[in-house]
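# Coordinate inspection notes
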Amino acid sequence: MNRTESILVTGGAGYIGSHTAVSLEKAGFRVILLDNLCNSDISAIEGIRSLVDYDVPFYQVDCRDKESLGDVFQSELENGTPITGVIHFAALKAVGESVEKPDLYKDNNIGGTRVLLEVMKEKGVSKLVFSSSCTVYGEPENVPVNESSPILPAVSPYGFTKQECERLIQDHTKRVTKQTFQSVLLRYFNPIGAHPSSVIGESPKGVPNNLVPYICKSAAGLSKPLIVFGTDYPTPDGSCVRDYLHIMDLAEAHVSAINFLFDKSQINRPFCRAFNLGTGVGTSVLEVIKAFEKVNGVSVPHVLGGRRSGDVVSIWSESLRAKSELGWYTKRSLEESLKDAWNWQKKFI
Ligand code: NAD
Ligand code: UD1
């Protein structure tokens, strides 16, 4: 395969980064993985390598370490495979933890993005896809949200870091005039599930914060019963509502975004374009539990608990812009996502 573009994937050992790396490779891009492994494991890199026909390079580097990050760009340049685009996943993402440790979140997420932009500028790399989140909309007044919905005050320090990183990238796009900086902000809703091969999946370190990994552990008897965080919200069944999409649909959205950036490179103008990535359907926590039990034929031990600090009540996506401009939309169902999540978990029972 003729791999003309080399894409640096920061946070490449993580959940979304690892699945995206596989989709990029399959679409013909050369991938370079970077991660400090603070929330992931080297086995994810081995999993990626086993799924593609190429010995994907991996650098264990922290994005805030400017010198080491610069060295990654330099060594790839010297190898004759200069990095031409970056997908920036590397960040801390636990909403609850961010409430307890706001400074850590600011330093890691905003600091890492700032250093990456500086290095990209120095190395003349001008195409960036950023992992943003629906959290930038705060607690929305109306759902579904589209890209023109107001950016309301962040509900958590994690949300604040995503808003701030978006602002940094927008400013960078305007300021860096020597290069034509082109960027895409992908506002994910809730990715779940695993690669259908079960070779890679979601393996957070410690107790999972996200709903579906916790459901899986609870169903497998590997953790305490799941606590449903809040059943007194103003929603049809009292639990929070989110927009859950299959991880492979999300991975493929990154290929569409990279293609979009490289297509637009013919146009010599800077831009920063935001896209929502979701299914367009809201599902409650209690509905996810029921669907998981039905599709997998297992019960999910759970208890009804109090609200989690920093949680938004209800949010789901209107993703029409992604469909019309990126040609992307979700193809897999909630049931398929929950089946793939459980197949991945079963490897560890
Ligand atoms: P993840 O924790 O599985 O992956 C993030 C990876 O980044 C981890 O492997 C971690 O070790 C690495 N990392 C963190 N800080 C780093 C640093 N300073 N330098 C180098 N590596 C670092 O999380 P994920 O679910 O794959 O999320 C990826 C991105 O998508 C994050 O930016 C997250 O905020 C964003 N996002 C995730 C979700 C979600 O529900 N999973 C939703 C919206 C947005
Ligand atoms: C949040 C952010 C998202 C972010 C992601 C990364 C919002 C709207 N979304 O997702 O942008 O990138 O975190 O982690 O802020 N739940 C339980 N019990 C559990 C775990 C979760 O009931 O043990 C509930 C939560 O209260 C929530 C839903 O499940 O209502 C989904 O939670 P989670 O998977 O953590 O994702 P979000 O908080 O929606």
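One can find the structure itself at the top, above this paragraph.
This text gives an overview of the structure that appears in the document. (Residues numbered from 1 in each chain as written. Chains lettered and ligands numbered in written order. Predicted model: local features only at pLDDT ≥ 70, side-chain atom pairs only at ≥ 80, totals over all residues. Heavy atoms only, no water.)

Okay, the state of the cysteines next. Throughout the structure, instances matching the rule amount to 0 disulfides. Of all cysteine sulfurs in the structure, the one in Cys240 sits closest to Cys134, which takes part in no disulfide; the separation is 12 Å. Take Cys134: its relative accessible area is 8%, and that puts it in the buried class. Cys165 forms no disulfide, and the closest cysteine sulfur to it belongs to Cys63, at a distance of 11 Å. Look at Cys165 and you get buried, because its relative accessible area is 2%. (Disulfide = S-S within 2.5 Å. Buried < 20%, exposed > 50% of the residue type's maximum accessible area, 1.4 Å probe, protein only.)

A word on the site of ligand 1. The local shell around ligand 1 holds 28 residues, among which Asp35, Asn39, Ser40, Phe89 and Tyr158 are the closest. Taking Cys38, its main chain carries an N or O atom lying 3.0 Å from an oxygen atom of ligand 1. Its free accessible area being 810 Å², ligand 1 has 96% of it covered by the protein chains. Elements that contribute at least two residues to the shell around ligand 1 include exactly α1 (15-26), β5 (127-133) and α6 (157-175). (Near = heavy atom within 4 Å. Polar contact = N/O pair within 3.5 Å; in protein donor to acceptor, adjacent residues only side chain to side chain. Areas by Shrake-Rupley, 256 points an atom, 1.4 Å probe, with all protein chains shown as cover. Helix = DSSP H or I, 4+ residues; strand = E, 2+ residues; numbered from the N terminus.)

A word on helix α7 (residues 211-219). For α7, the buried fraction is high: 8 of the 9 residues fall into the buried class. Every buried residue of α7 is accounted for by Leu211, Val212, Pro213, Tyr214, Ile215, Cys216, Ser218 and Ala219. Its buried side turned inward, α7 meets β7 (190-192), β8 (226-229), β10 (244-246), α9 (285-296) and α11 (334-346). Just past α7, the residue Gly221 takes up positive phi, approximately 75 degrees. (Contact = heavy atoms within 4.5 Å.)

What follows is about the site of ligand 2. Taken together, 22 residues form the shell around ligand 2, and within it Ser133, Tyr158, Ile227, Arg242 and Asp311 come nearest. A distance of 2.5 Å separates an oxygen atom of ligand 2 from a polar side-chain atom of Tyr158. One of the side-chain nitrogen or oxygen atoms of Arg242 is found 2.4 Å away from an oxygen atom of ligand 2. Relative to its unbound accessible surface of 730 Å², ligand 2 loses 94% to contact with the protein. The element best represented in the shell around ligand 2 is β8, accounting for 4 residues. Partitioned by chemical class, the residues of the shell around ligand 2 number 13 nonpolar, 5 polar and 4 charged. (Nonpolar A, V, L, I, M, F, W, Y, C, P; charged D, E, K, R; others polar.)

Glancing now at the pattern of salt bridges. Any two side chains of opposite charge can pair if their charged atoms end up close together. In the structure shown here, the tally under the stated rule is 16 salt bridges. Linking Arg64 and Asp62 is a salt bridge whose minimum nitrogen-to-oxygen distance equals 2.8 Å. Assessed through its relative accessible area of 30%, Arg64 is described here as partly exposed. Note that Arg187 is salt-bridged to Glu166, the shortest N-O span being 2.7 Å. (Salt bridge = Lys/Arg side-chain N within 4 Å of Asp/Glu carboxyl O.)

Function cannot be read off these values alone, since they describe shape.
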